[in-house]
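Results of the structural survey
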Amino acid sequence: MTETQHTETTPTVVWPALRYDDARAAIAFIVDVLGFTEAAVYGEGERVDHAELVRPGGGAVMLGSARPDSTIAGLPPGVGAVYVAVGQDELTRLHDRAREAGARIVEPLRDEDYGGQGFTCRDPEGVHWSFGTYRGHSG
């Protein structure tokens, strides 16, 4: 097995897609609390037709408002789970910031059986966001 070195120029090729009843509030939470940045947000008023949020160092998610004409219209809003690999210092900061923002911590900061540390919180609509130092076998 060869290792792949990820850089800022490595394109994101896997995009978890999420639906929200209040996509604007979800974007604010994911950016302000979870440390993503807005790469693109399309829509008018409270409706978000398409948003791309990226993580410094790699990775991204797409999201939008729950709409019957969406490609993922069969997926209920607020359903999903995303794992984000981070460094140890960032892990502690994210855990504290999520807790302070009122996110429901469903798995506290802990040592993982498979290596590293992590925690899981839920955003205001219920999507599970796991953060940990484990980078998997490919990274």
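Residues numbered from 1 in each chain as written. Predicted model: local features only at pLDDT ≥ 70, side-chain atom pairs only at ≥ 80, totals over all residues. Heavy atoms only, no water.

1. Focus: the overall build of the protein
Heads up, the rule is: Put simply, DSSP H or I for four residues or longer makes a helix, DSSP E for two residues or longer makes a strand, and each gets a number counted from the N terminus. Radius of gyration: over C-alpha atoms. The globule rule applied is 2.2 Å multiplied by the number of residues raised to the 0.38 power. Only protein chains enter the accessibility calculation, which uses a 1.4 Å probe; a residue is then buried when its area is under 20% of its type maximum, exposed when over 50%, and partly exposed in between. We call two residues in contact whenever any of their non-hydrogen atoms come within 4.5 Å of each other. Values of accessible area rely on a 1.4 Å probe in the Shrake-Rupley scheme; residue burial ignores everything except the protein chains shown. Counted as positive: Lys and Arg. Counted as negative: Asp and Glu. His and the chain ends are not counted at all. To locate a charge, take atom NZ for lysine, CZ for arginine, CG for aspartate or CD for glutamate.
When helices and strands are counted, the protein shows two helices and eight strands. The C-alpha atoms of the protein give 15 Å as radius of gyration, which agrees with the globular expectation for 139 residues (14 Å, within 12%). Projecting the C-alpha coordinates of the protein onto the three principal axes gives extents of approximately 40 × 35 × 25 Å. By residue count, 32% of the 139 residues in the protein fall in the buried class. Intrachain contacts of the protein at a sequence separation of at least 6 include 52% that bridge at least 24 residues. Looking at the protein as shown, the accessible area adds up to about 8000 Å², and 51% of this sits on carbon and sulfur atoms. If you average the places of the 12 positive and of the 21 negative side-chain charges in the protein, the two averages end up 2 Å apart.

2. Quick look at the sheet that holds strand β3 (residues 50-54)
Within a beta sheet, neighbouring strands are joined by backbone hydrogen bonds and run either parallel or antiparallel to one another. Going by this rule: Any two strands with at least two DSSP-identified bridges between them are counted as paired. Axes here refer to lines fitted to C-alpha atoms; in helices the fit is confined to the stretch in contact. Angles between the N-to-C directions go from 0 to 180 degrees.
Sheet architecture is open: four strands sit in the order β1-β4-β3-β2, paired in mixed fashion. At either margin of the open sheet sits one strand with a lone partner, and together these are β1 (17-20) and β2 (37-42). Ignoring which end each strand starts from, the neighbouring axes of this sheet average 20° apart. As paired strands, β1 and strand β4 (residues 60-65) are joined by four bridges and run parallel to one another. Paired with Y20 across the bridge in β4 is S65.

3. Considerations on the nonpolar core
To keep things clear, this is the line we draw: To qualify as a nonpolar core, a set must consist of buried Ala, Val, Leu, Ile, Met, Phe, Trp, Tyr and Cys residues joined through side-chain atoms within 4.5 Å.
With 27 residues, the main nonpolar core has Y20, I30, L34, F36, L63, W129 and F131 as its most contacted residues. Of all the secondary structure elements, the ones that give two or more residues to this core are β1, α1 (23-32), β3, β4, β5 (81-85), α2 (88-100), β7 (117-122) and β8 (128-132). With five residues, the single largest contributor to this core is α1. With residues up to four places along the chain from it excluded, the contact list for W129 reads L18, Y20, I30, L34, F36, V61, V82, F119, T120, C121 and D123.

4. Overview of the confidence of the model for the protein
Convention followed: Values of pLDDT, which run from 0 to 100, indicate the predictor's confidence residue by residue.
Summing up the model confidence of the protein, the mean pLDDT is 90 and the portion of residues at 70 or higher is 91%. The low-confidence segment residues 1-7, where pLDDT is below 50, has four contacts with residues more than four positions distant or belonging to other chains.

5. So, the side chain of D123
Convention followed: Distance and chemistry together define a polar contact, namely a pair of N or O atoms within 3.5 Å, with one atom able to donate a hydrogen and the other to accept it when in protein, and with adjacent residues in sequence counting only for side-chain atoms on both sides.
Structurally, D123 is set in the loop between β7 and β8. Here the side chain of D123 touches W129 through a polar contact of 3.1 Å, side chain to side chain. When residues no more than four places from it in sequence are discounted, the contact partners of D123 are Y20, F29 and W129.

6. What to know about the environment of A26
Inspection of the secondary structure puts A26 in helix α1. Taking the C-alpha atoms as reference points, A26 and P124, 98 residues apart in sequence, are found 7.3 Å from one another.

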